[in-house]
Structures are given as C-alpha cells and as structure tokens.
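Spelled out, the chains give:
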Amino acid sequence: MVIKILEECEVDPQNVSKIGPDTFLIDLDKRQLRDVIKCLVLDKGLHFSTCLGVDYSGLRQGSMALIYVVTRPSSKIIIRVTLNENESIPYVHDILPAAEWCELEAMDLLGLKTSLPVEDRFILHWGLPSKVQPLRKEFKHNTRLSNMVSCRVSKPEDFVEVDPHHPFFYEHEDFLIKAIGNRIVDVLYIGSYINRGIEKVGESRLKMEQVPFIAERICGICGFTHSTAYCQAVESALDIDVPERARFERTLMLELERLESHLLLLALIAYSVGLRDIFLGLLRSREIVMNACDILVGNRKMYGLNVIGGVRYGFETRQIRDVKELIKKLKTSLKILDALKESQELRKLKDVGVLPKESAHKLGAVGPVARASGIDYDVRRDLPYAAYEEVDFDVPIMDQGDTYSRIVIRCEEVIQSVRIIEQVLNRDVLTKGDLRTEYYPAPGKIGVGMTEAPRGENVHLVITGHDSRLYRWKVRAPTYANLAVLRAVLVGESPRDAPVIIASLDPCLSCTDRLVMVRRT
Amino acid sequence: MYRQASDGEKNMRGYPRHDPDKCIGCGACSNVCPTDSITVRVSGDRIEWIHNVARCIRCCFCVDHCPTGALSVGEEYSMIADSIDKLYILHTIDVEKCPKCGRTMTYSVNVEKHVASRTEKASMSCERCKIESLLRVVEKVRRV
Ligand code: SF4
Ligand code: SF4
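Before going into details, it helps to say that this report is about the structure given with it. Only a predicted model underlies this, so the values are computations on that prediction, with no experimental measurement involved.

Description of the overall build of chain A
If you tally the helices and strands in chain A, you get 19 helices and 13 strands. Its C-alpha atoms give chain A a radius of gyration of 22 Å, near enough to 24 Å, the size a compact globule of 521 residues would have. Across its three principal directions, the C-alpha atoms of chain A cover 65 × 60 × 55 Å. The burial tally for chain A puts 61% of its 521 residues in the buried class. Taking the contacts inside chain A whose residues are at least 6 apart along the sequence as the reference set, 70% of them involve residues at least 24 apart. The distance from the centre of the 70 positive side-chain charges to the centre of the 73 negative ones in chain A is 4 Å.

Details of the overall build of chain B
When helices and strands are tallied, chain B shows five helices and six strands. Taken over 144 residues, chain B has a buried fraction of 40%. Pairs at least 24 apart in sequence give 62% of the contacts found in chain B among residues at least 6 apart. Carbon and sulfur atoms make up 54% of the accessible area of chain B, which amounts to about 8700 Å² in all.

A word on the site of ligand 2
As a structural note, the neighbourhood of ligand 2 is formed by 14 residues, with Cys33, Cys56, Cys59, Cys60 and Cys62 of chain B the closest of them. Tallied by class, the residues present in the shell around ligand 2 amount to ten nonpolar, three polar and one charged.

Observations concerning the state of the cysteines
Residue and element names in this part refer to chain A. Inspection of every chain in the model, using the stated rule, returns two disulfides over all chains. Here cysteine 9 is linked by a disulfide to cysteine 39, with a sulfur-sulfur distance of 2.0 Å. Of note, the bridge from cysteine 9 to cysteine 39 carries an S-S torsion of about -70 degrees and is left-handed in sense. Here cysteine 9 is found in the loop between helix 1 (2-8) and strand 1 (16-18), whereas its partner cysteine 39 is found in helix 2 (residues 33-43), with 30 residues between them in sequence.

Examining the sheet that holds strand 13 (residues 470-476) of chain A
All names here are of chain A. Read across the open sheet, the three strands follow the order 11-12-13; overall the sheet is antiparallel. Single-partner strands in this sheet number two, and they are strand 11 (446-453) and strand 13. Here the strands of the sheet are splayed against their neighbours by 15 degrees on average, with no regard to which way each runs. By the bridge criterion, eight bridges tie strand 11 to strand 12 (residues 456-464) in an arrangement that is antiparallel. Bridge assignment links isoleucine 446 to a residue of strand 12, and that residue is isoleucine 463. Packing of helix 6 (residues 223-238) onto the sheet brings it into contact with strand 11, strand 12 and strand 13, and relative to strand 11 it is tilted by some 150 degrees.

Thoughts on the pattern of salt bridges
One side chain can pair with another of opposite charge once the charged atoms of both are near each other. Residue and element names in this part refer to chain A. Under the defined criterion, the tally for this structure stands at 43 salt bridges over all chains. Residue glutamate 422 is joined to lysine 331 by a salt bridge in which the shortest nitrogen-to-oxygen separation is 2.9 Å. Taken together, the residues span a long stretch of sequence, with glutamate 422 in helix 15 (residues 403-425) and lysine 331 in helix 9 (residues 317-333) at a distance of 91 residues. Lysine 331 gets classed as partly exposed once you look at its relative accessible area, which sits at 42%. Put simply, Glu255, Arg258, Arg371, Asp378, Arg380, Glu413 and Glu452 are held in one network by salt bridges that share partners.

A closer look at the environment of proline 34 of chain B
Summarising the element assignment, proline 34 of chain B is placed in the loop between helix 1 (28-32) and strand 2 (38-43). Distance in space between the C-alpha atoms of proline 34 of chain B and cysteine 62 of chain B is 9.1 Å, their sequence separation being 28 residues.

Considering the environment of isoleucine 89 of chain A
With respect to the helices and strands, the residue isoleucine 89 of chain A is situated in the loop between strand 5 (75-84) and helix 3 (100-110). Once residues lying within four places of it in the same chain are set aside, the contact partners of isoleucine 89 of chain A are Leu66, Leu83, Met107, Leu112, Lys113 and Thr114 of chain A.

Cut-off values and rules
Residues numbered from 1 in each chain as written. Chains lettered and ligands numbered in written order. Predicted model: local features only at pLDDT ≥ 70, side-chain atom pairs only at ≥ 80, totals over all residues. Heavy atoms only, no water. Helix = DSSP H or I, 4+ residues; strand = E, 2+ residues; numbered from the N terminus. Rg over C-alpha atoms; globule rule 2.2 N^0.38 Å. Buried < 20%, exposed > 50% of the residue type's maximum accessible area, 1.4 Å probe, protein only. Contact = heavy atoms within 4.5 Å. Lys, Arg positive; Asp, Glu negative; His and termini not counted. Charge placed at Lys NZ, Arg CZ, Asp CG, Glu CD. Areas by Shrake-Rupley, 256 points an atom, 1.4 Å probe, with all protein chains shown as cover. Near = heavy atom within 4 Å. Nonpolar A, V, L, I, M, F, W, Y, C, P; charged D, E, K, R; others polar. Disulfide = S-S within 2.5 Å. Pairing = 2+ DSSP bridges. Axes fitted to C-alpha atoms, helices over the stretch in contact; angles between N-to-C directions. Salt bridge = Lys/Arg side-chain N within 4 Å of Asp/Glu carboxyl O.

As structure tokens, then:
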C-alpha cells in the first residue's frame, strides 16, 4: 500500500527500505524532495509530522542530512536527504506551512544555509554570534555562552502586547496581537525563551538508558507520553519486543495522564468563562486521578516507570483494587462535564476562532485541535502502540472547528479515557508477567516513536550512536505543531476572545521549548 | 522494592536514602544518575558519598543499580533548607586497608560483609600487592 503511493509519487523503489514493521526509510535526491513531499502531503493527504537536520559527520564521512517524517494510517515514512557540507539546503515550507518551524529550526541549530532570505536565529537568542551551531558534533555540550550574548531586543511599535507572557497560563512566551479597532489583523508568536538544548544533552552527556527520566521532565503535565515516545523510538530502532504486561501498564498510565491534563485544561477554561463551581468540581475530579497515580507509582506526576524495553516495576493486586474504587468515584464526579458542555458561557464560543479543515491539514495541526476541524487522525488508533490495539474506544470527531468544539471534544475524550482505563484495569496481565526485555545497543539505527499525547501527536526520532549513546534525538511536541494555527484562528476575531481561543489550543510551552537543564558539577 | 502505602504523603517517592553501613563505594549510583546528583570519591583514607538533593529528580534509578542495597527509596521529598550547604548530604565511609601492605584501597570496609567465600577474601589486596605477587609467580616460573 505504502509502496504503491510512493510509486505514484515517483519515488524509485530501490531507494525505499523497510526498517521496521511499520517504518519505511527513503533516501531521496535533493532535487526530488519538493515534488515528493508535495505529492505525498498535498495530493495524497498524508500527515506531515516533522523535519530535522542531522550532522552525520560522526557516523559517516562529513555530511549533513535533512530528515522529514510523514505518516499515514499504519505506517511511518522517513525521508532522508543527504547533503554536502555548506551546500544550500532544499526547503518545502513555501508550499507546506507545517514545515516552516522545523526547517527554520534545523537551519538555526546546524547553521545550514538556504537560498531563501531568512533570519539567522529562530530558536536561539538573537544576539548569539553565528558561529554558535549547537547541534554540530564539534560543538561541546558544556560550552559556556554567557559572554557571547549581546542583548538587543526590539519590537515593532504598532503591536499591542496582551501580556508579556502567556495570557492564560503565565508561561514564557509572547503573543503580539495586532488589532484594528475590535478586530485582530495579525499575530506574532515569540517563543523558545526557555530552550536549553535537551536534545544536545541527550546526545552527548547521557547514556541511552538514562534519557527516559530526562525525557519525562520535558513537560510537567504530559511527561509520561514523552518518555513512552522516546522508549518506543529506541525500541523500534533496535527492534525490541515489549512484554504484554509493560504495554498494558503504559496504556494505563498514559490514559490517567490524559485525564489529568484534560481535566486541568477544562477546569481553567471554566474558570476563564466565569464558571467557578464547575472549575472547582473539575479540579476535585482531577485530584482523584492524581491520587490514583500516587497509589500506582508513588508520585502524583513523574511516574519514573519507563525504561527501554519495558517498565521498571509492576503493580500489585491491592493497588489495582484501590484504583478501581477511585475510578468508580471519578465516574460519578465527571457528570459535571455535562454541565460545562451545556452552559451558556461556553455556547457563546461557537463560531469563534474557526479553523477550517484544509488549513488544519496544511498547517499540520494535531490532536484535539485537528479532530475538532474534522481531521480523522488519532495515533492511538492509526499507528497503534502500547496496548491500544487490545482495547475498545471511539475517537470523537467534530466538523465545526471552532473554539466550542475544541473544548467539547476534550470532554468526550475524557469519557473515552475512563472507558479505556476500566478495560485495562480488568486485565489480569497487569499484575503478572515479564516487565522488561533485555536489549543490545547498535549504532546507526533510526527509529521513530509516536504517541498520542493529551495535546496531539508527539514524535520522538532517534538515531543510535556508539557507546550505547544516542547520535541524534529529536523531540517534536504536539504544541509545536499546533501553534502554527495561531494566525488562522485568531485573525478576524476580537482581542477580548484571544485568551480563550489560545487556551482552547491547550498550548504547553515547556514541551515546545524542551526545557531541561543538566549541568556537570 | 517500591514502597506502596495507601494514603497521602506517605506514598511519595522521595529522594533515595543512603545507608553508609552497607555502601561499598562502588560508584554505580553516581554512574547511572541521569542528573549527576551523586558524587562518590576517595579522599585520603575515606570515601565520600555526596548527594545534591536539589539536583536530584527523585527517579530512584540509583536504587535499581545499587549492588548492596545501601540505597532505598526514601520518604523525604521536600528540599527546603535555610542554607545551600544543607542541600548536600555527605556520608563518609572508611576505606579498606590492604591486608598485606596496609595501604588504602579504593573500596570501603563494608565490602567484607558482601564477600562470600574465603578465597575471595584472600584475593583482596591492593593493586600494587597484586602486581607484586603476580611478578613473583612469573619470576618463579621463569626460574623453573
Ligand atoms: S554501594 Fe550503592 S550507594 Fe554505595 S556507591 Fe555503590 S551504588 Fe552507590
Ligand atoms: S533518585 Fe535519580 S536523580 Fe536522584 S540521585 Fe538517584 S538516580 Fe540521581
């Protein structure tokens, strides 16, 4: 099936190799890239996940590579374009806006040049000298940059700042909203204030087996999905089978995490539209979920459960019994979601911040944002991982694409999550069986791990290196893809609605910027 | 191995608890720690086991890898302290002396507790003594 699509897009079958049960690697020529991506994503309707630049000089002879990841139901396609040093790189973001951020990031972090006039810095601070190219292999991870930075921050004068930081969650980012009268005409997002180069740390300082714990700390709300995606990436690269018990444990924790994340967002939205009682009710339900996590893994967040090849510890019957009780309690208290859905305050958000299906596809939106615009894509169902193949659940889809449906779709997902959790808790395999598989590291293997994080598709790509270390690790958090739709949803709306529209995208900034700092003593 | 209680704070996975009476100073914990919060070093005739609680992320990966059970999952979670020094936990362990020449070795006195057989005990001597005895054997063989 994939081969047929690739043939229609004029990819030479000799360049296609199958590197995993559902992963294909294509080595493309630089000149072909644009046509192939255009054909796959725009004509055939495949989903564009991410792209990245790799400095291959440590594994092969001095060359760079650009890697694009494209997915379709049941297969992942990795497109690799090898380039010579200092060769100008191909780009696709003029025809496919979804690729804009990742291409600019690759140029910034590796110092790649292109024929387009783009600014030097995208992720890194504007004041850094151009010789700072952190993802090159000759750049040491502990280089001190403090005396290289010269601060020059200037902003265009005709912009009104809603807040120096996130207007909703008080995080480190700027939304510059340009308005004429009561209508937004342009939005500028300035982020990556807290990028500290976790990928570099993972590639240089840490061993492969230590990374799951650092990956888990990329995000304070959906950390477990990151460590799962990372482990899956390595498992797919090294061809490791995960025991059934570990897969079910992962599923259980992933769903508890989704509940926790969605309930927090819904509570905050209720608060922002003035429904204080529902806010309290939802946070109270969230507390039940947190207690369930506490019983299972000894912590409310940061489960510390994942290792490559499985999980670290098993659950006992006693714990499962306690959690079952809690889930029963949770189901009663979730009735409050109906009150939220029916409320007048939320109904006012109908037809506000509409994201049409075509732009959602072109901009690469994922998760509830995409599904509220009618894109039928859920990684749990389309590229099954963990134990999602063995449980029943529905993927709610809505067509309106407005703020109201983005919120309601999360209410539906909460119900589905509870359904999955109940099925998993009833399995005996949760309390007996093997926990993990042994594995042997091998250099030069590529693997992609994908999970459906609460905010959407989460992609980790790894290339293994020598010494059981990683050669390249790329994290593409869901918000990274979803922030691209900002302009599409905000332009034409009233600035007063901006906070709740932005909140309905559920942006998570530490994911996007990948904040983690590890320092040697 | 993981503490599993039923209610509230008692259930927390805190930072690891270290028992200096069991530790052999092997340094496995400091090798596997993802954030480098543990340092194990020999200074003089003592082994210093230093834990920076502020840097620890409470993953308890070190507990999984300690060969002697000197580390266990602790209940302490908070790291509030009125001075930075209090964020460091420092344990010193006496270093084993070489039974042959009396020089200090690189592991602690607790190793003896974990050594099972008499031959293993007999083979405990410092690097230099080992090389010397090896050279003696070589010399003997050569003479024969
Ligand atoms: S015995 Fe345990 S606590 Fe002591 S150094 Fe080795 S791993 Fe660390
Ligand atoms: S709990 Fe984790 S971070 Fe803390 S010392 Fe142990 S291995 Fe290091």
